[in-house]
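Here are the chains, one letter per residue:
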Amino acid sequence: MKKLSNSSIYIVLTFVSILMLIPVLWIILSSFKSGMDLYEWPPRLIPKTFSLDNYKAAFSQGNFLLYFGNSLFVTIASTALTLLINSMAGFALAKYKFKGRQFIFIVFISTLMIPLEVIMIPIFTIISRLGLYNSFLGLIIPPAATPTGLFLIRQFLLSVPDSILEAARIDGASEWEIYWKLILPIAKPVISVLAIFSFMWRWNDFLWPLIVISDPKKYTVQLAISNFIGEFNVDWNSLIAMSVLTMIPVLIVFILFQKNFVQGMVTSGMKD
Amino acid sequence: MAHKNKINRQKRIAPYLFLLPNLSIFIVFIVAPALYGVYYSFTDYDGLNKAKFIGLENYIEIFGDMKFWLIFKQTGIYAAIVVPGIFLFALGVALLLIQKIKFKPVFRAAIYWPTMISFVVVGVTWKWIFGDSFGVLNYLIELMGREGIPWLTDPFFARMTVVIATLWCRVGFYMVIFMAGLQNIPLQYYEAARIDGATKVLAFRYITLPLLKPTSVMVIMLCIIDSFKAYPLIVSLTGGGPGKTTTYLVQYIYRYGFEKSKLGYASAMSVLLFAVIAIITAIQFRSKKEDM
């Protein structure tokens, strides 16, 4: 019986995985189709010959490596900042009773509902008044205070029993020590989740770079790609190669951090 | 006693200090621009010339704008399909993925993968698959001797395509959130239930579901907000067409703001959108108060 139900789990998961991966596989395999093979009809999944032409073309388009480096720098810096400030704020909202707590939480959550596309102009005004226009700081700091991340960490920490905080206080721990030495280790699974998300958000972000950056030397990958679509007759060959290349860092981060939210299973089994 | 006072004082100030960095960034870059937006909603503003205060005129105009309400209804229907779809799909997959099975990392990565792809690329890929005359899917359907389906040019199928694409690229995200939530449930509870002879179904009903509530509430809220804000994916997939059948609120607003340069009117529509999502969220909060 146990065996049977296990094998049905495998069947379902394999089926779902294949469905999810077909389009991805399609992009990846297509990126190796050279020249006109990309437009071949009837379409074939496996390229006739595997060629690296598209990748060569991608690297010769503008300064792909520079954009890649810019994206990497901005993404890592911003994600680090997100993890720190979101976890601090999430902790405060989950584990302290104080005046204005509910109100502040609702303000945070409600900003989620504002489509950034709509307030682009005022954001631009503020960015340039603060002298952040065309600077990496303008890409790193403003988007770091993510409401989703804060929400995620708060919900997770709600289930941490107050008794262990009290015990730490009686043992003489300061509030900062409680956050740094007690809460952060407990929150490791959810912080890993946020690390994965934040890296992805910043890496794939298009709107902030669009608002903040105009100097081509400071372009991020996504900005470069979309400019690339806009400016020329779209060259699908190098576009598809660029798209595949941009997936790699996000995938690496996912693989690195996904172990942590499995480990969480063992450590978070604490008693109330 | 002095020690205790010190603890209490620390405990009182600490949350504000913990909130400070996040909150200040937030207020400067999001709340302040949003308030600007609210101000614009009472003006006639084209983004270049000075905004002219016109009171409630924009709002009055919206109430008579049949197109806006049509788009509104369309967005609501889209959300009503996408939200439960994502919820069930993501929870189901997450439940399977916390079982003791092999190749977990492979399955997880596979299902999360579409989430990682930027919307621009997602749109392009799906066009390739769903394209009417050059799409792979229709090619396969025609190989089987049937007639191709107008995936992107027929209103019904275009809507369906948009829903499928949304599910495809959002399920992984919520799956990860569910997995983190599920793993936060102490294993002892399941141990105890097992010893008491509870079946897996019972354990799910009486342990998993209640303890997962904070996560579920969050997923539903994020999902609703997400679907009301759906924009980049759909623009790159259908461009909002055919006609306006897959145009949702944010795209409609965006068009007014930037293509027709009616920023005042667009801002008023955003304020309304904000109000609607806020009301839905508030209802959620109220009905699940003890978990929030």
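What counts and what doesn't
Numbering of residues starts from 1 in every chain and runs along the sequence as written. Working convention: letters from A go to chains and numbers from 1 go to ligands, in the order in which they are written. Given that this is a predicted model, residues contribute local features only at a pLDDT of at least 70 and side-chain atom pairs are listed and counted only at 80 or more, while totals for whole chains, interfaces and linings are drawn from all residues. A run of H or I in DSSP becomes a helix once it reaches four residues, and a run of E becomes a strand once it reaches two; helices and strands are each numbered from the N terminus. In this treatment the radius of gyration is a C-alpha quantity, and the globule benchmark scales as 2.2 Å times the residue count to the 0.38 power. Whether a residue is buried, exposed or partly exposed follows from its count of other C-beta atoms within 10 Å of its own C-beta, namely 20 or more, 12 or fewer, or something in between, respectively; the C-beta atoms are built from the backbone. The contact criterion used here is simple: two residues whose C-beta atoms, placed from the backbone, lie within 7 Å are in contact. For helices, the fitted axis covers only the stretch in contact; all axes are lines through C-alpha atoms, and the angles between them, taken along N-to-C directions, range from 0 to 180 degrees. Geometric relationships in this document are graded by angle, where less than 35 degrees denotes roughly parallel, more than 145 denotes roughly antiparallel, 65 to 115 denotes roughly perpendicular, and other angles denote oblique. Crossing handedness: left-handed means the near helix sits turned counterclockwise from the far one by under a right angle, and right-handed means the same turn made clockwise. Polar here means any residue outside two lists: the nonpolar Ala, Val, Leu, Ile, Met, Phe, Trp, Tyr, Cys and Pro, and the charged Asp, Glu, Lys and Arg; Gly therefore counts as polar. For the purposes of this analysis, a nonpolar core is taken to be any set of buried Ala, Val, Leu, Ile, Met, Phe, Trp, Tyr and Cys residues that are connected through C-beta atoms within 7 Å. Known as pLDDT, the predictor's confidence for each residue is given on a scale from 0 to 100.

Asker: Pulling in residues and values, what's your account of the overall build of chain B?
Answerer: Each helix and strand counted, chain B has 13 helices and two strands in total. Taking 19 Å as the expected radius of gyration for a compact globule of 292 residues, we find that chain B reaches 24 Å, considerably beyond that expectation. Seen along its three principal axes, the alpha-carbon backbone of chain B occupies a region of about 70 × 65 × 30 Å. Taken across its 292 residues, chain B has 42% of its residues classed as buried. Put simply, 66% of the contacts in chain B that link residues at least 6 apart link residues at least 24 apart.

Asker: Give me the lowdown on the overall build of chain A, citing residues and values where you can.
Answerer: Across its full length, chain A carries 13 helices and zero strands. Along its sequence from the N terminus, chain A presents helices and strands in the succession α-α-α-α-α-α-α-α-α-α-α-α-α. Overall, the C-alpha framework of chain A stretches about 70 × 65 × 30 Å when taken along its three principal axes. Classification of the 272 residues of chain A by burial places 44% in the buried group. Within chain A, contacts between residues at least 6 apart in sequence are counted, and of these 79% link residues at least 24 apart.

Asker: Outline the packing of helix α3 (residues 66-97) of chain B against helix α7 (residues 155-183) of chain B, supporting the account with residue identities and numerical values.
Answerer: All names here are of chain B. One can describe the packing of α3 onto α7 by two numbers: an axis separation of 7 Å at closest approach and a directional angle of 45°. On the basis of the axis angle, α3 is oblique to α7. Helix-helix and strand crossings are classified by hand; for α3 and α7 the assignment is right-handed. Judged by residue contacts, Ile81, Val82, Gly85, Ile86, Phe89, Ala90, Leu91, Val93, Ala94 and Leu97 of α3 engage Val163, Thr166, Leu167, Arg170, Val171, Tyr174, Met175, Phe178, Met179 and Leu182 from α7. Partitioned by chemical class, the residues of the contact of α3 with α7 number 17 nonpolar, two polar and one charged.

Asker: Before we move on, could you go through the nonpolar core and cite the residues and values that matter?
Answerer: Within soluble globular proteins, side chains that are nonpolar tend to cluster in buried spots. By size, the foremost hydrophobic cluster in this structure holds 157 residues, and its most contacted members are Val193 and Ile196 of chain A together with Tyr174, Met175 and Phe178 of chain B. Discounting chain neighbours no more than four positions away, the residues touching Met175 of chain B are Ala90, Val93, Ala94, Ile111 and Tyr112 of chain B.

Asker: Give a description of the environment of Phe108 of chain A that names residues and reports values.
Answerer: For Phe108 of chain A, the position within the fold is in helix α4 (residues 101-111). With 25 C-beta atoms packed within 10 Å, Phe108 of chain A lands in the buried category. C-alpha of Phe108 of chain A to C-alpha of Pro147 of chain A: the two residues are 39 residues apart in sequence and 5.8 Å apart in space. Each residue touching Phe108 of chain A, except ones within four places of it in the same chain, is listed here: Pro147 and Leu150 of chain A together with Phe26 of chain B.

Asker: Talk me through the interface of chain B and chain A; I want residue IDs and the actual numbers.
Answerer: In many analyses, interface size is given as the accessible surface area lost on bringing the parts together. Listed as interface residues are 75 residues of chain B and, on the opposing side, 79 residues of chain A. When residues of the side of chain B that touches chain A are assigned to their parent elements, the largest contribution, 22 residues, is made by helix α1 (residues 2-40) of chain B. Tallied by class, the residues present in the side of chain B that touches chain A amount to 57 nonpolar, 14 polar and four charged.

Asker: So what about helix α12 (residues 249-259) of chain B? Which residues, and what values?
Answerer: Along an α-helix, residues three or four apart share an orientation, since each turn contains 3.6 residues. Within α12 of chain B, burial applies to Leu249, Val250, Gln251, Tyr252, Ile253, Tyr256 and Gly257 of chain B. Positive phi shows up at Ser261 of chain B, right after α12 of chain B, with a value of about 50°.

Asker: Can you break down unusual backbone geometry residue by residue, with the values?
Answerer: We note that Asn134 of chain A has phi near 65°; this positive angle belongs to a residue other than glycine. Positive phi, normally seen in glycine, also occurs at Ser261 of chain B, with a value near 50°. Structurally, Ser261 of chain B is set in the loop between α12 and α13 (263-287).

Asker: Mind laying out the confidence of the model for chain B, listing which residues take part and the relevant values?
Answerer: All names here are of chain B. Per-residue confidence for chain B gives a mean pLDDT of 85; residues scoring 70 or more make up 97%. At the level of individual helices and strands, chain B shows its lowest average pLDDT in helix α5 (residues 119-130), which scores 77, and its highest in α3, which scores 93. Overall fold confidence (pTM) sits at 0.87, and the ipTM for the predicted complex is 0.85.

Asker: Would you mind going over the environment of Ala145 of chain A in detail, with residue names and values included?
Answerer: Mapping Ala145 of chain A onto the fold places it in the loop between α6 (136-140) and α7 (147-157). Look at Ala145 of chain A and you get buried, because 25 C-beta atoms sit within 10 Å. Residue contacts for Ala145 of chain A: discarding those within four places in its chain leaves Ile85 of chain A together with Asn22, Ile25 and Phe26 of chain B.

Asker: Account for the confidence of the model for chain A, with residues named and values stated.
Answerer: Residues and elements named next belong to chain A. Averaged over all residues, the pLDDT of chain A is 85; the fraction at 70 or higher stands at 92%. Element-level mean pLDDT values for chain A span from 76 in helix α12 (residues 221-231) up to 95 in helix α3 (residues 64-95). Confidence drops under pLDDT 50 across residues 264-272; counting only partners more than four residues distant or on other chains, this segment forms 15 contacts.

Asker: Which residues make up the environment of Thr43 of chain B, and what are the values?
Answerer: Residues and elements named next belong to chain B. Mapped onto the elements, Thr43 comes out in strand β1 (residues 43-44). For the pair Thr43 and Lys262, spaced 219 residues apart in the sequence, the C-alpha separation amounts to 9.9 Å. For Thr43, the contacting residues outside a window of four places in its chain are Ala51, Lys52, Phe53, Ile54 and Gly264.

Asker: Pulling in residues and values, what's your account of the packing of α4 of chain A against α7 of chain A?
Answerer: Residues and elements named next belong to chain A. Two numbers describe how α4 lies on α7: the axes approach to 8 Å, and their chain directions differ by 130°. By the criterion of interaxial angle, the relationship of α4 to α7 is oblique. Every pair of crossing elements has a handedness; the one defined by α4 and α7 is left-handed. From α4, Phe108, Ile109 and Thr111 reach across to α7, where they touch Pro147, Leu150 and Phe151. Among the residues forming the contact of α4 with α7, the class breakdown is five nonpolar, one polar and no charged.

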